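Survey of secondary and tertiary structure
For reference, the chains in residue letters:
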Amino acid sequence: MIYGMYLSATGMMTNTHQQDVIANNIANADTNGFKRSMALVRSRDVEAKAMRAAGLSNKLLDNIGGGQLLSPTYYDLTQGTIEQTGNPLDTAISGKGFLAVRDGDNQVRLTRAGTLMIDPQGKLITAQGYPVLDKDKKPIELPNVPQHELTIGKGGEIRRGQEQLAQLGLFDTTNSNGLRPIGENLMALVGDAQLVPGKGELLGGAVEKSNVEPANELTRLMEVQRLLEANANMIKYQDSTLAKLVNEVGKIG
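Everything quoted here is computed from the prediction, not taken from an experiment.

1. With respect to the overall build of the chain
Scanning the chain from N- to C-terminus turns up four helices and 19 strands. With 253 residues in all, the chain has 36% of them scored as buried. Put simply, 67% of the contacts in the chain that link residues at least 6 apart link residues at least 24 apart. When the accessible surface of the chain is split by element, carbon and sulfur atoms take 52% of a total near 14700 Å².

Pasting the structure below:
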């Protein structure tokens, strides 16, 4: 009986995490450049070999399995819809690649959110205020340049008329699994992932929308909520049965 409660408890833990991830996806359905997260699960294998060695193996329980465990979260890097905005500094990425910025700790971070603007100091920044980097990972500065006079080419060239003033950096990573969202639509490199030049194209006057499909996420959310409720009910049922076993079975009248 206790074993069954453990299985339902692991189910509740994974279902709760899945629910949180899906809710975050839905909340960012309208966030430019957002990439949906996928909370994956895997079966938790029983220690059958070790149990057999200790003479404690149970064929029935071995076949039941050990419940669920969370797998590392996968980030869906599928391209979102590209939408024209008319803002000459807005930049969408067609294909693979990321824009690079520096955060408050002076660390290089990656983003697909291409809503760009010039701050009062003449620096090119994201909507969150982070400096955008050029191909040499240096902040781009465009002092005393009217924003409406600028254009961005497919290679990231920022021009005023025929004059090239700067070039946006387009980067990718050697390991797509080496990216971790850190909030504010930024991704950090983790593990052995390294920056390499991106192979996509930059489209000025446009932004990439989120790749979240709200209808699909809502459907999945309802499925997970039903699983969570079922696991919670199973724990209540098993707890009730266990209470009867302890308090009533074998009771001397």
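2. A look at unusual backbone geometry
Positive phi values are uncommon outside glycine, yet Glu184 reaches one of about 55 degrees. Position of Glu184 relative to the elements: it lies in the loop between strand S15 (179-183) and strand S16 (186-189). Judged by relative accessible area, Glu184 falls into the partly exposed class, the value being 47%. Phi is positive for Asn185, close to 65 degrees, though the residue is something other than glycine. You can see Asn185 is positioned in the loop between S15 and S16.

3. Quick look at helix H4 (residues 214-247)
Here H4 contains 34 residues, and its C-alpha end-to-end distance of 49 Å stays within 8% of the 50 Å for a straight helix at 1.5 Å per residue. Within the span of H4, buried status applies to Glu217, Leu221, Val224, Leu228, Asn231 and Gln238.

4. Side note on the nonpolar core
Within the largest apolar cluster, 19 residues are counted, with the highest numbers of intra-cluster contacts made by Leu116, Leu124, Ile140, Leu142, Ile158 and Leu168. The contacts of Ile158, once residues within four sequence positions are left out, are Leu124, Ile140, Leu142, Leu150, Thr151, Ile152, Glu163, Gln164, Leu165, Ala166, Gln167 and Leu168. If you look at the next biggest cluster of nonpolar residues, it comprises seven residues, including Phe98, Ala100, Leu133 and Phe171.

Rules used in this analysis
- Residues numbered from 1 in each chain as written.
- Predicted model: local features only at pLDDT ≥ 70, side-chain atom pairs only at ≥ 80, totals over all residues.
- Heavy atoms only, no water.
- Helix = DSSP H or I, 4+ residues; strand = E, 2+ residues; numbered from the N terminus.
- Buried < 20%, exposed > 50% of the residue type's maximum accessible area, 1.4 Å probe, protein only.
- Contact = heavy atoms within 4.5 Å.
- Areas by Shrake-Rupley, 256 points an atom, 1.4 Å probe, with all protein chains shown as cover.
- Expected span 1.5 Å × (residues − 1).
- Core = buried A, V, L, I, M, F, W, Y, C linked by side-chain atoms within 4.5 Å.

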